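# What the coordinates show
Listed here are the chains, written in short residue letters.
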Amino acid sequence: MDTDSIHSGYSHHSNRSRGSNKQSERSSRDRHKSHSRDSSSRSDKNVTISASSAQPQQPDQGSAPTDAQDDNWGETTTAVTGTSDHSLSQEDLAGFGKETDGPVEKLNCIRFIPLALTLLLGLLVLVTPLSFLVLPQVLWPERLQACGTACEGLFLSLAFKLLILLLAGWALFVRPTRASLPRIAVFRALLGLLTLLLLLSYWLFFGVRILDSQEENYHGIVQFAVSLVDALLFIHYLAVVLLEIRHLQPCFSLCVVRSTDGETHHYNLGQLSIQRAALVILQHYYKDFSVHNPALLTAAKSRAAKHLAGLKVYNVDGAGSDAATAQSRAKIAAAARQRDTSHNELYYEEAEHDRRVRKRKARLVVAVEEAFTHVRRLQEEEKKKPPGDEMDPREAAQAIFPSMARALQKYLRTTRQQHCHSMDSIQAHLAFCITNNMTPKAFLESYLMAGPTLQYGRECWQTRQWTLVSEASVTSPLHHGSEFQLKSSDFSLVVTSKTIPHLKLSEEYVHPKSHKFVLQLQSETSV
């Protein structure tokens with residue numbers, strides 16, 4: 001009986017939602033048309049902001065029926081029961097919540113040029129000492145002197161040094177490229193140039209003093225090759241100091257402010273160039289800053305536009321040369337007079353929004369707790385069944401998801417997070433929580449609190465392109481008062497640097513007996 005009642009309730013709700021979706025689709029088309037007419041009359045800056053804020057809701061603008069279903073997955077998701085209360089109709093869930101893959105970035109061959117040059121230089125470094133040893137054996141073997149015990153020991157030393165140099169170079173230079181910088185890395189270019197000069201000098205010396213004269217002392221040739229490997233090891237040590245150790249000591253405190261919502265973070269960095277500092281800031285941005293939600297910024301703009309739309313200016317004196325200026329001044333003056341009462345409206349709007357959020361949150365918490373209670377009951381029943389009939393976490397997540405889908409979607413819409421979570425990602429997170437035996441609070445934490453950008457889908461951060469804007473050269477080092485921006489499509493990060501002050505500590509000696517005291521008690525006491 002419980003199964004039949006649940007099935008009928010969900011089916012009745014599904015029919016009502018299908019009927020309401022048709023009306024909501026027609027009304028959304030009308031609102032979209034009016035919104036496009038309003039956005040065309042705004043200035044360039046406002047058009048850019050409105051386009052970025054409406055970008056996450058592009059699937060709603062289409063007229064295809066699947067897009068309307070994707071937007072209303074919480075209202076149309078139903079659990080159809082048949083012979084068992086564990087079964088789920090996949091046809092009803094197949095068309096909902098499909099995660100759209102972001103545009104795949106085209107392969108840029110320029111980003112692999114530094115890696116190719118590094119591999120080519122590394123190959124030249126390994127081949128050069130071996131060539132110094134092989135060429136005399138090939139060109140004039142009959143004139144070479146016999147290699148003694150000391151010479152054979154140098155062979156062993158040379159082999160181990162080359163192996164160490166190969167592993168050290170692979171660990172330091174052969175790394176996957178995480179970003180493409182606008183300019184070349186100065187220290188890397190200097191190290192590469194220094195290595196080329198060293199190899200060129202050794203090849204010139206080898207050609208003039210050994211090849212031309214056909215040197216007979218093979219022990220001296222081996223020592224010459226060993227000296228080259230020693231010099232290359234010292235260059236690698238210099239590379240470790242310049243690329244890995246030099247910037248470890250903090251020298252500057254960088255303040256990073258997001259231009260849209262003003263979220264601020266501070267980072268301590270060492271001696272880096274502006275482009276390297278920008279790269280470090282972006283790496284910290286994706287794990288420290290909360291995800292950028294342009295839907296939260298539309299409330300203030302719509303409120304200001306509503307106030308200005310309600311003002312009408314009549315030109316009594318007729319059309320003049322400064323009619324537009326007079327109208328704008330009149331609107332500004334009228335808006336200033338309404339400013340005294342607008343704070344009341346803002347106060348009540350925020351209070352009403354907070355009340356709605358608390359209400360939706362309470363319903364969501366109750367729905368999720370009931371769903372997890374049902375899961376625990378199902379797990380106890382599954383233990384009594386044979387091993388082949390057990391339900392996997394994915395099927396369990398699909399079975400209990402419809403019971404919380406409507407409450408979750410309403411909460412996400414109220415908090416304007418519906419574009420950050422798709423139905424597939426929610427079900428995958430629910431299956432992950434069931435697999436690891438997490439609590440309902442652990443499941444809800446991803447939706448109640450805005451997390452970092454990397455927590456969400458790849459479409460939120462994978463195709464993000466940044467532009468570095470700086471008055472100084474991007475290869476110049478950081479200094480006190482440096483300012484630059486990292487611009488994205490819909491917001492920017494404003495960075496200012498300040499030098500960490502010099503700290504002076506003084507010592508004050510405290511004698512061990514200076515804080516001791518003696519307590520003297522009188523023998524006579526008052527009665």
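Residues numbered from 1 in each chain as written. Predicted model: local features only at pLDDT ≥ 70, side-chain atom pairs only at ≥ 80, totals over all residues. Heavy atoms only, no water.

Scanning the chain for helices and strands turns up 15 helices and five strands. The buried share among the 527 residues of the chain stands at 29%. Counting only contacts in the chain whose residues sit at least 6 apart along the sequence, the fraction spanning at least 24 positions is 75%. If you sum the accessible surface of the chain, you get close to 34300 Å²; carbon and sulfur atoms cover 57% of it. (Helix = DSSP H or I, 4+ residues; strand = E, 2+ residues; numbered from the N terminus. Buried < 20%, exposed > 50% of the residue type's maximum accessible area, 1.4 Å probe, protein only. Contact = heavy atoms within 4.5 Å. Areas by Shrake-Rupley, 256 points an atom, 1.4 Å probe, with all protein chains shown as cover.)

Once that is clear, we can look at the pattern of salt bridges. Applying the stated criterion to the full structure yields seven salt bridges. The salt bridge partner of E263 is R258, with a shortest N-O separation of 2.7 Å. With a closest N to O distance of 3.2 Å, D288 and K287 form a salt bridge. (Salt bridge = Lys/Arg side-chain N within 4 Å of Asp/Glu carboxyl O.)

What follows concerns the packing of helix α14 (residues 423–435) against helix α15 (residues 440–448). Helices that pack against each other are described as a pair by the angle of their axes relative to one another and the distance between those axes. Viewed as axis vectors pointing N to C, α14 and α15 meet at an angle of 150°, and their least axial separation amounts to 9 Å. Judged on the interaxial angle alone, α15 and α14 are roughly antiparallel. Two packed elements cross with a definite hand, and for α14 against α15 that hand is right-handed. Listed contacts from α15 to I426, H429, L430 and C433 of α14 are A442, F443, S446 and Y447. Classifying every residue of the contact of α14 with α15 gives six nonpolar, two polar and no charged. (Axes fitted to C-alpha atoms, helices over the stretch in contact; angles between N-to-C directions. Parallel < 35°, antiparallel > 145°, perpendicular 65-115°, else oblique. Left-handed = near helix turned anticlockwise from the far one by under 90°. Nonpolar A, V, L, I, M, F, W, Y, C, P; charged D, E, K, R; others polar.)

This paragraph deals with the pairing of strand β1 (residues 252–258). Here β1 lies mainly inside the structure; five of its seven residues are buried. When β1 meets strand β2 (residues 264–269), the two strands line up antiparallel, connected through six bridges. Within β2, the residue paired with S253 across the bridge is N268. Summarising the sheet, β1 and strand β5 (residues 492–499) pair through seven bridges and their orientation is antiparallel. Residue V257 lies in a different strand from β5, and its bridge partner there is V494. (Pairing = 2+ DSSP bridges.)

With that out of the way, let us pick up the packing of helix α13 (residues 393–414) against α15. Running from N to C, α13 and α15 point in directions that differ by 30°, and their axes come no closer than 11 Å. One way to sum up the angle between α13 and α15 is to call them roughly parallel. Contact residues: M404, L408, Y411 and L412 in α13; F443, Y447 and L448 in α15. Taken together, the residues of the contact of α13 with α15 sort by class into seven nonpolar, no polar and no charged.

With that settled, consider the nonpolar core. Core analysis: the largest hydrophobic core is formed by 26 residues, its most contacted members being M404, L430 and F443. If you list the elements that add at least two residues to this core, you get α12 (323–382), α13, α14 and α15. Non-local contacts of F443, meaning those with residues more than four positions away in its chain, are made with V368, F372, M404, I426, H429, L430 and C433. Among the nonpolar cores identified, the runner-up in size contains 25 residues, and C151, L154, L158 and L162 belong to it. (Core = buried A, V, L, I, M, F, W, Y, C linked by side-chain atoms within 4.5 Å.)

Time to look at the sheet that holds strand β4 (residues 483–487). In spatial order, the strands read β2-β1-β5-β4-β3; together these five strands make up an open sheet with antiparallel pairing. Looking at strand neighbours, the two that pair on one side only are β2 and β3 (467–470), the edges of this open sheet. The sheet shows a mean angle of 25° between the axes of neighbouring strands, taken without regard to direction. Of the strands in this sheet, β1, β2, β3, β4 and β5 are in contact with helix α10 (residues 274–288), which crosses β4 at around 50°.

Empty space among the atoms can be located by rolling a probe the size of a water molecule over them. Tallied over the entire structure, the rule returns one cavity of 30 Å³ or more. Surrounding the largest cavity, F372, V375, R376, Q379, I434, N437 and M438 form its lining. The leading source of residues in the lining of the largest cavity is α12, at four residues. In terms of residue class, the lining of the largest cavity is built from four nonpolar, two polar and one charged. (1 Å grid on protein atoms, 1.4 Å probe; cavity = no way out; pocket = protein on both sides within 12 Å on 5 of 7 lines; lining within 4 Å. Points joined across faces, edges and corners; volume = space filled by probe spheres on them.)

Next up on the list: the environment of Q271. Following the sequence through the fold, Q271 ends up in the loop between β2 and α10. Measuring from C-alpha to C-alpha, the distance between Q271 and L248 comes to 8.1 Å, with 23 residues separating the pair along the chain. Once you skip the residues sitting within four places of it in the chain, Q271 turns out to touch R246, H247 and C251. At 3.1 Å, the side chain of Q271 forms a polar contact with the side chain of R246. (Polar contact = N/O pair within 3.5 Å; in protein donor to acceptor, adjacent residues only side chain to side chain.)

Taken together, the side chains of L156, F160, L163, L166 and L167 present a nonpolar region at the surface, about 490 Å² in accessible area. As for its position among the elements, L156 is in helix α7 (residues 149–173). Residue classification places L156 among the exposed residues on the basis of a relative accessible area of 52%. (Patch = residues over 30% accessible without salt bridge, like charges linked within 9 Å, V, L, I, M, F, W, Y side chains within 5 Å.)

Per-chain confidence: the chain averages 74 in pLDDT, with 67% of residues scoring 70 or above. In the model, residues 1–29 has pLDDT below 50 throughout and makes 20 contacts with residues more than four positions away in sequence or in other chains. Note that residues 31–69 has pLDDT below 50 and, in this model, 25 contacts with residues that lie over four places away or in other chains. (pLDDT = per-residue confidence, 0-100.)

Moving on to the packing of aromatic side chains. Within the structure shown, the criterion is met by 16 aromatic pairs. Seen from their ring centres, W203 and F206 are 6.0 Å apart, and the 90° between their planes marks the pair as edge-to-face. In this pair, W203 and F206 both sit in helix α8 (residues 186–211), three residues apart, roughly one turn of the helix. Among the residues examined, W203 registers a relative accessible area of 31% and is labelled partly exposed. Here the aromatic cluster, defined as three or more aromatic residues joined through ring pairs, consists of F132, Y202, W203, F205, F206 and F224. Here R258 stacks its cationic end above the ring of F491, 5.9 Å away from the centre of that ring. (Phe/Tyr/Trp six-rings, centres within 6.5 Å; stacked < 30°, edge-to-face > 60°. Lys NZ or Arg CZ within 6 Å of the ring centre and 35° of its normal.)

For α7, spanning 25 residues, the distance from its first C-alpha to its last is 36 Å, which sits close to the expected 36 Å at 1.5 Å a residue. Taken together, the buried positions of α7 are C151, L154, L158, L162, L165, G169 and L172. Buried residues belonging to α7 abut α6 (113–139), α8 and α9 (218–245). (Expected span 1.5 Å × (residues − 1).)

With 28 residues, α9 should cover 40 Å at 1.5 Å per step; its first-to-last C-alpha distance of 40 Å lies within 8% of that length. Of the residues flanking the start of α9, the one acting as N-cap is N217, its side-chain oxygen 3.3 Å from the backbone nitrogen of H219.

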